[in-house]
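# Close look at the chain arrangement
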Amino acid sequence: MIEGLKLNIPQRLALLKTILIVFLLLTSMFSLKLWTGSRDFPLVPVWEWAVAPLFMHWILFFLLVFFWIAALLSKFPRLFLFLSLLFSAVLVGMDVNRLQPWFYLYSAMLLVLLFYNGRVDNPNTYTSFFVVLQFVLASVYFFNGFNMLNPDFAQGPYREILLPLKSVLSDRQFSFIVSTGNWVPYLFMLSGLILSIESIRFLAISMMTVIHLVLFILMFPGLGGQSFAMWISNLSLICMLFILFSGKIKQRYFSPLALLQRPAFYPVLLIFLVFPFFNRSGFWPDYLSANIKSGNNLSVKLIISESAYTALPDNIKGFCLHENFSYTIDYVKWSEHEMQVECFPHRRVFREMNEFILKKTGRAADEVNMVVLPRSRLLF
């Protein structure tokens with residue numbers, strides 16, 4: 001019989017905090033231009049008054065890194081954890097592109113951990129925080145699968161991830177592998193549900209670990225992916241799966257009613273269970289709904305005239321595709337090249353891109369057009 005990870009809950013919470021901060025440090029360092037603003041891809045502040053000079057982005061980012069490290073090494077970890085979350089919110093307010101899915105998940109979990117005082121004398125206290133964190137991760141898997149339930153997933157993002165295999169497989173073999181994408185959404189959704197059932201959750205842990213390891217290989221930067229953050233997040237998710245769900249973690253003296261006494265439980269319930277269902281209405285953004293690489297994200301088509309293309313800087317011309325008598329800007333590759341992440345899929349970001357191109361080219365509005373693409377319908 002497989003016993004799994006042999007750690008008690010306080011040890012798991014301490015290890016989880018370390019894992020989250022370490023991966024935040026790694027991902028932020030490899031997407032440096034996202035945080036410092038030293039790039040051409042436009043900064044998109046959440047509020048107009050949040051516009052700040054470039055040096056402020058640098059200062060706030062290095063302070064954020066200092067707070068993360070201090071939260072690991074200091075005798076006052078909760079103080080520095082609070083400051084890191086505060087500065088994270090400020091930096092996101094200065095550019096919404098920083099609200100990446102991995103950053104959102106790590107920060108949400110750290111926010112839950114912030115309310116835990118580290119005491120181990122009351123199982124109800126630390127176990128309730130632990131259950132809340134389990135709920136967060138299970139929700140991410142469920143809604144990621146839920147958003148993949150559309151006809152464009154298998155032939156879109158799933159096929160793109162599998163492209164490194166095309167050189168070693170025949171066309172028929174590759175087509176068969178791509179067709180398995182029709183089952184992937186159900187595997188993710190089922191895993192999210194199974195993780196809540198202690199007696200069989202090892203099935204979900206095993207299945208998702210294999211999937212993440214395969215993605216880790218296929219999404220290697222330069223091989224099948226451009227984003228170091230998304231690539232390395234596969235390892236972080238494996239770590240979180242084992243810390244939160246592997247082994248015997250049920251507490252003899254834990255009462256489920258203790259969850260209702262935790263203030264953190266109610267916003268987590270809303271944000272990770274209720275709000276994601278409003279993703280299609282535009283109320284809750286894609287990345288906050290675990291709508292990641294689903295083929296169903298909010299997207300646009302940026303179309304510019306030939307004269308506007310001529311006026312573009314050379315570094316942006318490389319991301320333009322010629323179509324008939326106009327050009328289409330591949331803003332995904334543009335953002336991945338400059339920031340090492342995809343831009344936040346939101347109308348505000350797209351409007352800022354459109355304005356940026358208008359200013360750079362100096363052309364009339366009818367020579368730079370933005371078309372919002374319709375989302376696919378869910379398969380039910």
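To start, this report covers the structure provided alongside it. (Residues numbered from 1 in each chain as written. Predicted model: local features only at pLDDT ≥ 70, side-chain atom pairs only at ≥ 80, totals over all residues. Heavy atoms only, no water.)

## Some points on the side chain of Ser-246
As for its placement among the helices and strands, Ser-246 is situated in the loop between helix H11 (228–245) and helix H12 (265–274). The class of Ser-246 is buried, set by a relative accessible area of 6%. (Helix = DSSP H or I, 4+ residues; strand = E, 2+ residues; numbered from the N terminus. Buried < 20%, exposed > 50% of the residue type's maximum accessible area, 1.4 Å probe, protein only.)

## Things to note about the pairing of strand S1 (residues 299–305)
Note: S1 against strand S4 (residues 368–373), six bridges, orientation antiparallel. The residue bridging Leu-302 from the neighbouring strand is Met-370, located in S4. (Pairing = 2+ DSSP bridges.)

## Describing the state of the cysteines
A full pass over the atoms with the stated rule returns zero disulfides. Here Cys-320 stays free of any disulfide, with the sulfur of Cys-343 as its closest cysteine sulfur at 15 Å. (Disulfide = S-S within 2.5 Å.)

## A look at helix H16 (residues 347–361)
Taking 1.5 Å per residue, 15 residues should reach 21 Å; H16 reaches 21 Å between its end C-alpha atoms and fits that length. Taken together, the buried positions of H16 are Val-349, Phe-350, Met-353, Asn-354, Phe-356, Ile-357, Leu-358 and Thr-361. Residues of H16 that are buried sit in contact with S1, helix H13 (306–311), helix H14 (314–317), strand S3 (326–329), helix H15 (331–339) and S4. (Expected span 1.5 Å × (residues − 1). Contact = heavy atoms within 4.5 Å.)

## Some words on unusual backbone geometry
In this structure, Ala-290 is a non-glycine residue whose phi angle is positive, near 55 degrees. Tracing the backbone shows Ala-290 in the loop between H12 and S1. Assessed through its relative accessible area of 9%, Ala-290 is described here as buried. The phi dihedral of Asn-324 falls on the positive side, at around 55 degrees, and the residue is not glycine. In this structure, Asn-324 sits in the loop between strand S2 (320–323) and S3.

## Points about the side chain of Ser-107
Mapping Ser-107 onto the fold places it in helix H5 (residues 101–114). A polar atom in the side chain of Ser-107 sits 2.8 Å from the backbone oxygen of Phe-103. (Polar contact = N/O pair within 3.5 Å; in protein donor to acceptor, adjacent residues only side chain to side chain.)

## A look at the packing of helix H6 (residues 123–148) against H11
Between H6 and H11, whose axes approach to 10 Å, the crossing angle comes to 135 degrees. On the basis of their axis angle, the class for H6 and H11 is oblique. Handedness of the H6/H11 crossing: left-handed. On the side of H6, the interface is formed by Phe-130, Leu-133, Gln-134, Leu-137 and Tyr-141, while H11 contributes Leu-237, Met-240, Leu-241, Ile-243, Leu-244 and Phe-245. For the contact of H6 with H11, the residue count by class is ten nonpolar, one polar and no charged. (Axes fitted to C-alpha atoms, helices over the stretch in contact; angles between N-to-C directions. Parallel < 35°, antiparallel > 145°, perpendicular 65-115°, else oblique. Left-handed = near helix turned anticlockwise from the far one by under 90°. Nonpolar A, V, L, I, M, F, W, Y, C, P; charged D, E, K, R; others polar.)

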